[in-house]
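Here is what each chain is made of, one letter per residue.
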Amino acid sequence: DQQVKQNSPSLSVQEGRISILNCDYTNSMFDYFLWYKKYPAEGPTFLISISSIKDKNEDGRFTVFLNKSAKHLSLHIVPSQPGDSAVYFCAAFNSGGSNYKLTFGKGTLLTVNP
Amino acid sequence: EPEVTQTPSHQVTQMGQEVILRCVPISNHLYFYWYRQILGQKVEFLVSFYNNEISEKSEIFDDQFSVERPDGSNFTLKIRSTKLEDSAMYFCASRGTGVRTDTQYFGPGTRLTVL
């Protein structure tokens, strides 16, 4: 039951270039989306989020775009840095529920090469 | 910056034994969660906890699992009789009130190995 899908298991980019990580969802009840970054042997670290009332949210080098009609979101990292190398998880929840339980994608391993 | 902490970082146990995983959520947070990630698989929701009771649990969270907030700071996950398939990373998360009520903050995880 893949309600949140990250179809690219890995992505490799050069330092200084743009990294684009993609995420699709099937559950139309999801109205809040988050990206987490995870290094080996650490827990997921919150990166950026977006509510379904917006189509873009920006925080420094990180921008998340949401296309509700396509049920698709993407995370752009510009410029990419070697320290950005990690697994990136897309997660979603329905804010109408009281618990905000997260449904995660499988993750995309980003490698930024110097 | 406040953070969620978890102990131990790694727990090895024999099948059938009880384990308790401990978490200290961020101090002013009110909502607490456990997730797990089996090697190579997704992070999965186990249970949410609010106002001293379970607010939602997944089908994974069967009678072998329980959660407790024994005092004002700790949040524990107990597995009564561990099975081989319980081997996973277990993450605690908490969520607060105020500016970022939508965001769950995760601890570093406990790696549980059941032999």
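Check the entry above for the structure.
Since the structure is predicted, the reported quantities are computational estimates derived from the model, not experimental observations.

Caption draft 1: View of the overall build of chain B. Scanning chain B from terminus to terminus reveals zero helices and eleven strands. What you see in chain B, going N to C, is helices and strands ordered as β-β-β-β-β-β-β-β-β-β-β. With respect to the principal axes defined by its C-alpha atoms, chain B has extents near 45 × 25 × 25 Å. Residues classed as buried in chain B amount to 49% of the 115 residues present. Within chain B, contacts between residues separated by at least 24 positions form 54% of all contacts whose residues are at least 6 apart in sequence. Just so you have it, chain B exposes about 5800 Å², and 47% of that area is on carbon and sulfur atoms. Side-chain charges in chain B split into 11 positive and 14 negative, and the spacing between the mean points of these groups amounts to 1 Å.

Caption draft 2: Spatial organisation of the packing of aromatic side chains. Residues and elements named next belong to chain B. Applying the stated criterion across every chain, the model contains 18 aromatic pairs over all chains. An angle of 70° between the planes, with centres 5.8 Å apart, marks the rings of tyrosine 35 and phenylalanine 45 as edge-to-face. On the criterion of sequence distance, the pair formed by tyrosine 35 in strand 4 (residues 31–37) and phenylalanine 45 in strand 5 (residues 43–50) is long-range, its members being ten residues apart. Relative accessible area serves as the criterion here: at 0%, tyrosine 35 is assigned to the buried category.

Caption draft 3: Spatial organisation of the sheet that holds strand 7 (residues 65–68) of chain B. All names here are of chain B. Strand order in the open sheet formed by four strands is 1-3-8-7, with antiparallel pairing between adjacent strands. Sheet topology places strand 1 (5–7) and strand 7 at the edges, where each strand pairs with a single neighbour. Pairs of neighbouring strands in the sheet enclose a mean axial angle of 20°, with direction left out of account. For strand 1 and strand 3 (residues 19–24), the ladder comprises three bridges, and the chain directions are antiparallel. Bridge pairing in strand 3 links threonine 5 to valine 24.

What counts, and at which threshold
- Residues numbered from 1 in each chain as written.
- Chains lettered and ligands numbered in written order.
- Predicted model: local features only at pLDDT ≥ 70, side-chain atom pairs only at ≥ 80, totals over all residues.
- Heavy atoms only, no water.
- Helix = DSSP H or I, 4+ residues; strand = E, 2+ residues; numbered from the N terminus.
- Buried < 20%, exposed > 50% of the residue type's maximum accessible area, 1.4 Å probe, protein only.
- Contact = heavy atoms within 4.5 Å.
- Areas by Shrake-Rupley, 256 points an atom, 1.4 Å probe, with all protein chains shown as cover.
- Lys, Arg positive; Asp, Glu negative; His and termini not counted.
- Charge placed at Lys NZ, Arg CZ, Asp CG, Glu CD.
- Phe/Tyr/Trp six-rings, centres within 6.5 Å; stacked < 30°, edge-to-face > 60°.
- Pairing = 2+ DSSP bridges.
- Axes fitted to C-alpha atoms, helices over the stretch in contact; angles between N-to-C directions.

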